[in-house]
Amino acid sequence: MTYLLACDQGTSSSRSIVFDARGNIISQAQMELPQIYPQPGWVEHDGQEIWRSQLVTARRALAAAGIEAHQVHAMGITNQRETTLLWHRQTGKALHNAIVWQDRRTEPLCADLRARGLTETIQAKTGLLLDAYFSATKLMWLLDHVPGARQLAHNGELAFGTVDSWLIWQLTHGAVHATDVSNAARTMLFNIHSNQWDAELLQALDIPPSLLPSVKRSCTWFGEVAPDLLGAAIPIGGVAGDQQCALFG
């Protein structure tokens, strides 16, 4: 029998579930994810802890199911949306804690963008209201507040991603920098009409295009898990933000 492995990286915990070919749950494992509150209105996660907890639960779920990784037909990832990470391409290390979707530190940036008359343009292109909830201003904040980040970004040395991209990067040892349309569409940088990163918005927000992951369909090939992590090269065959994934389910 073949199996599927689902990795569910949420705001409060990381969880992994093994399903059989009929969709029955065979096993699951879950770990709490610590919340970091640097000051009122700010919410962060340790990117390394996001990755560690997801890897640990995947290993535990496989062990609890009594199966080997080579028996897993594919892995799927679902994740908390909008949470933003910035990391170094060479080391794979995050430059700062992840800024969580709930975080409101970038409201002044949003007010500035509104004053510049970008509200209607952003909504027309992305389908989103101009708000600190989304990833774009979180990324702007990181580029402006992490020492040296903007120069490294312009040099092409950094990568941006939501949690799905961060996990794919780690699972593939940096071989794949990708996201899916459901996560890309929550960044406030993705043109939902052309299904591409919007060059005009990137320029207006001073975000180097080299930071961005490639955008794929939610159900497609996202690379393979490095064999040393789980014991075999499991294909990553699906990615979706948590609410879209729940709706589909």
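Criteria and thresholds
Residues numbered from 1 in each chain as written. Predicted model: local features only at pLDDT ≥ 70, side-chain atom pairs only at ≥ 80, totals over all residues. Heavy atoms only, no water. 1 Å grid on protein atoms, 1.4 Å probe; cavity = no way out; pocket = protein on both sides within 12 Å on 5 of 7 lines; lining within 4 Å. Points joined across faces, edges and corners; volume = space filled by probe spheres on them. Helix = DSSP H or I, 4+ residues; strand = E, 2+ residues; numbered from the N terminus. Buried < 20%, exposed > 50% of the residue type's maximum accessible area, 1.4 Å probe, protein only. Pairing = 2+ DSSP bridges. Axes fitted to C-alpha atoms, helices over the stretch in contact; angles between N-to-C directions. Contact = heavy atoms within 4.5 Å. Core = buried A, V, L, I, M, F, W, Y, C linked by side-chain atoms within 4.5 Å.

1. Examining empty space enclosed by the protein
Take a probe with the size of a water molecule and roll it over the atoms, and the empty space left behind shows itself.
Then, in step 1: Evaluated as defined, the whole model comprises 1 cavity of 30 Å³ or more.
Then, in step 2: Taken as a whole, the largest cavity spans an internal volume of roughly 40 Å³.
Then, in step 3: Taken together, Cys7, Trp51, Gln54, Leu55, Ala58, Met75, Leu167, Leu171 and Leu230 make up the full set of residues lining the largest cavity.
Then, in step 4: Secondary structure elements with two or more residues in the lining of the largest cavity: α1 (47-65) and α6 (163-171).
Then, in step 5: It is α1 that provides the largest number of residues to the lining of the largest cavity, a total of 4 residues.

2. Remarks on the pairing of strand β6 (residues 85-88)
Then, in step 1: Side chains of β6 alternate between two faces, with Leu85 and Trp87 and Leu86 and His88 buried alike.
Then, in step 2: Two strands pair when backbone bridges link them, and β6 and strand β8 (residues 158-161) are joined in this way by 4 bridges, in the antiparallel orientation. In the sheet register, Leu85 faces β8, and the bridge partner there is Gly161.

3. Brief notes about the sheet that holds strand β5 (residues 72-79)
Then, in step 1: One open sheet holds the 5 strands; their spatial order is β3-β2-β1-β5-β13, and the pairing between them is mixed. With one partner strand each, in any of the chains shown, β3 (25-32) and β13 (236-241) form the two edges of the open sheet. The average undirected angle you get between the axes of adjacent strands in this sheet is 15 degrees.
Then, in step 2: Taken together, the 7 bridges between strand β2 (residues 13-20) and β3 define a ladder with antiparallel strand orientation. Bridge assignment links Phe19 to a residue of β3, and that residue is Ile25.
Then, in step 3: Across the sheet, α1 lies against β1 (3-9), β2, β3 and β5, angled at about 150 degrees from β3, the strand it touches most.
Then, in step 4: Relative to the sheet, α6 contacts β1, β5 and β13, its axis offset from that of β5 by approximately 145 degrees.

4. Considerations on the nonpolar core
Then, in step 1: Core analysis: the largest hydrophobic core is formed by 39 residues, its most contacted members being Met75, Ile77 and Leu230.
Then, in step 2: At 7 residues, the largest contribution of residues to this core is made by α1.
Then, in step 3: Look past the residues within four positions of Ile77 in its chain and what remains in contact with it is Cys7, Asp164, Leu167, Ile168, Leu171, Ile236, Gly238, Val239 and Ala240.
Then, in step 4: Grouped together as the second largest cluster of nonpolar side chains are 33 residues, Cys110, Ala153, Leu201 and Ile207 included.

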